[in-house]
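This is what each chain is made of:
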Amino acid sequence: MISADLGKQLETYIQQLVDTGRYGSKSEVLREGVRLVQDRETRLAALDASILRGIADAEAGRTKPASDVFDRLEAKYSAMADQAEKSV
């Protein structure tokens, strides 16, 4: 069993959630909170992994100059805008 001092403000808030019927018990509120932290930590770990892959790609020279990417995107979206104008 875990025991934690959450402070008056959080205790009051948790009690309000239970009193209004949003949750059935204080334990449900805390379990939901831990699940949200777990989800956030999982997303952060995935983001960290993506950043590390990007750094590794950059260090290995697997990159393109930003100007090339922007030129390609500009051409792509200009063509899409032209196509949209023709269909109107």
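Basis of the calculations
- Residues numbered from 1 in each chain as written.
- Predicted model: local features only at pLDDT ≥ 70, side-chain atom pairs only at ≥ 80, totals over all residues.
- Heavy atoms only, no water.
- UniProt positions renumbered as here; feature names shortened; annotations may be inferred.
- Core = buried A, V, L, I, M, F, W, Y, C linked by side-chain atoms within 4.5 Å.
- Buried < 20%, exposed > 50% of the residue type's maximum accessible area, 1.4 Å probe, protein only.
- Helix = DSSP H or I, 4+ residues; strand = E, 2+ residues; numbered from the N terminus.
- Expected span 1.5 Å × (residues − 1).
- Arc of directions from axis to C-beta.
- Salt bridge = Lys/Arg side-chain N within 4 Å of Asp/Glu carboxyl O.

According to UniProt, the comment filed for the chain under the heading Sequence similarities (unreviewed entry) is "Belongs to the ParD antitoxin family."

Moving on to the nonpolar core. Among the nonpolar cores identified, the biggest contains five residues, and these are I14, L17, V18, Y23 and V29. It is helix 1 (residues 7–19) that contributes the most residues to this core, three residues altogether.

A few words on helix 1. If you check helix 1, its first and last C-alpha atoms are 18 Å apart, about what 13 residues at 1.5 Å a residue would give, namely 18 Å. Taken as a whole, helix 1 has its buried residues at I14, L17 and V18. Here the buried residues of helix 1 occupy an arc of 100 degrees about the axis, which is enough to place them on one side. Set apart from the buried face of helix 1 by more than 90 degrees, the exposed residues are K8, Q9 and D19. Looking one or two residues beyond helix 1, the residue adopting positive phi is G21, at roughly 85 degrees.

Applying the stated criterion across every chain, the model contains four salt bridges. Ionic pairing is found between E11 and K26, a salt bridge with its closest N-O pair at 4.0 Å. Taken together, the residues E11 in helix 1 and K26 in helix 2 (residues 26–59) connect sequence positions 15 residues apart. Judged by its relative accessible area of 31%, E11 is partly exposed. E41 is the salt-bridge partner of R40, the closest N and O atoms lying 3.6 Å from each other. Since its relative accessible area comes to 41%, E41 is described here as partly exposed.

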